[in-house]
Amino acid sequence: MKTINAVHAAPRGHWVGDGFPVRSLFSYDRLGAERLSPFLLLDHAGPHHFAPSEQKRGVGVHPHRGFETVTFVHRGEVSHRDSSGGGGTIGPGDVQWMTAGDGILHEEFHSEDFTRQGGDLEMVQLWVNLPARHKTTPAAYQNLTRDEIPVVTLPGEAGQLRVVAGEYLEARGPARTFTPINAWELALNEDAETTLSLPNGHTSLLVVLDGTLLVQDQEVVRGGSVVELSRDGETLALAANTAARLLVLTGEPIDEPVVGHGPFVMNSEAEIHASIDAFRRGRFGRLDTQSVGS
């Protein structure tokens, strides 16, 4: 059985652009890259109600290099566009998996329909590191629709597990990853109990989005918490006091230096300076002025 190394409470929230009120549930600069590897950061946006508007809300054109961003939408709609030619609108149950690789420009706004109608928005964005050998891979984009993501019904009507990346039992997620990673979305029913099998040796994180549950018959955790588990061990026991929604992340650690500067995550300061220079010289491609939120 995996042991609990630490439980991390969410820090105070902040806004990203004018469309995403987020709490950074974990980040490599706060907790340390080595203990989170291959994961870097996770922001939980919302739930937040937006009134109808004619003015687009979100984040305008900005760069990334050296890692991947994974966006899970739970409520509302988000539109994305990037310099690799990727993009589109995703809604509840859909996932965007963007590989920044050697450099990308992108923008994220509420969809046109959601902006005009208003409503509740909730999403999660995860940053996944790339090993040095893949940091210069060409930028790419995966649009993973709700219908593509397999759902596993847990024994005893405990709930459901969606396999976005990796595999659980015989279900394999549609996401293509550069290193071994599992990303599972888990919905547990009230008073449900379940035991999951996790890979031995993987960094293992349990992100509680909402609800209250007992972890490993030991620690009661609530929405907004991140449970950091040991790499050794293979089982995770959960008992939900209330209906709960969780994100289970496991990944093979990348044993390399991590140096980050804003939207760039590389292996050395020299590579950070080279990334800034490449961005300034326009080497990440371009986006025209017509934004996805227009």
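All values reported here derive from a predicted model rather than from experimental measurement. (Residues numbered from 1 in each chain as written. Predicted model: local features only at pLDDT ≥ 70, side-chain atom pairs only at ≥ 80, totals over all residues. Heavy atoms only, no water.)

A. Looking closely at the sheet that holds strand β7 (residues 78–82). Ordered by their spatial adjacency, four strands build an open sheet running β5-β10-β7-β8, and the pairing between neighbours is antiparallel. The open sheet has two edge strands with one neighbour each: β5 (58–64) and β8 (87–90). Neighbouring strand axes in the sheet, compared pairwise and without regard to direction, differ in orientation by 15° on average. Judged from the four bridges that link them, β7 and β8 form a sheet pairing that is antiparallel. Residue pairing for β8: Arg81 is matched across the bridge by Gly87. (Pairing = 2+ DSSP bridges. Helix = DSSP H or I, 4+ residues; strand = E, 2+ residues; numbered from the N terminus. Axes fitted to C-alpha atoms, helices over the stretch in contact; angles between N-to-C directions.)

B. Quick look at a negative patch on the surface. A grouping of Glu190, Asp191, Glu193 and Asp217 is seen on the molecular surface, where their side chains present a negatively charged patch. You can see Glu190 is positioned in the loop between β17 (181–188) and β18 (193–197). (Patch = residues over 30% accessible without salt bridge, like charges linked within 9 Å, V, L, I, M, F, W, Y side chains within 5 Å. Areas by Shrake-Rupley, 256 points an atom, 1.4 Å probe, with all protein chains shown as cover. Salt bridge = Lys/Arg side-chain N within 4 Å of Asp/Glu carboxyl O. Lys, Arg positive; Asp, Glu negative; His and termini not counted. Charge placed at Lys NZ, Arg CZ, Asp CG, Glu CD.)

C. Here's a closer look at the sheet that holds strand β21 (residues 219–222). The strand order across the open sheet built from four strands is β18-β23-β20-β21, with neighbouring strands paired in antiparallel fashion. Edge positions in the sheet fall to β18 and β21, since each of these pairs with one other strand and no more. Averaged over all pairs of adjacent strands, the angle between their axes in this sheet comes to 30°, without regard to strand direction. Across five bridges, the pairing between β18 and strand β23 (residues 235–240) is antiparallel. Bridging across to β23, Thr194 finds its partner in Leu238.

D. Representation of the packing of aromatic side chains. Tallied over the entire structure, the rule returns five aromatic pairs. Their ring planes at 70° and their centres at 4.9 Å tell us that Tyr168 and Trp184 sit as a pair that is edge-to-face. Pair noted here: Tyr168 is in strand β15 (residues 167–168) and Trp184 is in strand β17, with a separation of 16 residues, a long-range link. Judged by its relative accessible area of 8%, Tyr168 falls in the buried class. The exposure class of Trp184 is buried, given its relative accessible area of 1%. Cluster of aromatic residues (ring-pair linked, three or more members): Phe264, Phe279 and Phe284. Geometry around Phe109 places Lys56 over its ring, the cationic atom sitting 5.1 Å from the centre. (Phe/Tyr/Trp six-rings, centres within 6.5 Å; stacked < 30°, edge-to-face > 60°. Buried < 20%, exposed > 50% of the residue type's maximum accessible area, 1.4 Å probe, protein only. Lys NZ or Arg CZ within 6 Å of the ring centre and 35° of its normal.)

E. Representation of the side chain of His44. Within the secondary structure, His44 sits in strand β4 (residues 39–50). Of note is the side chain of His44, whose polar atom sits 2.8 Å from the side chain of Glu122. Each residue touching His44, except ones within four places of it in the same chain, is listed here: Pro21, Val22, Arg23, Leu25, Glu122, Met123, Val124 and Leu209. (Polar contact = N/O pair within 3.5 Å; in protein donor to acceptor, adjacent residues only side chain to side chain. Contact = heavy atoms within 4.5 Å.)

F. Structural context of the environment of Thr137. Locating Thr137 in the fold gives a position in the loop between β11 (119–129) and β12 (140–144). Taking the C-alpha atoms as reference, Thr137 lies 25 Å from Val59; in sequence the two are 78 residues apart. Residues contacting Thr137, with those up to four places away along its chain left out, are Thr99, Gly101, Asp102, Leu130 and Phe178.

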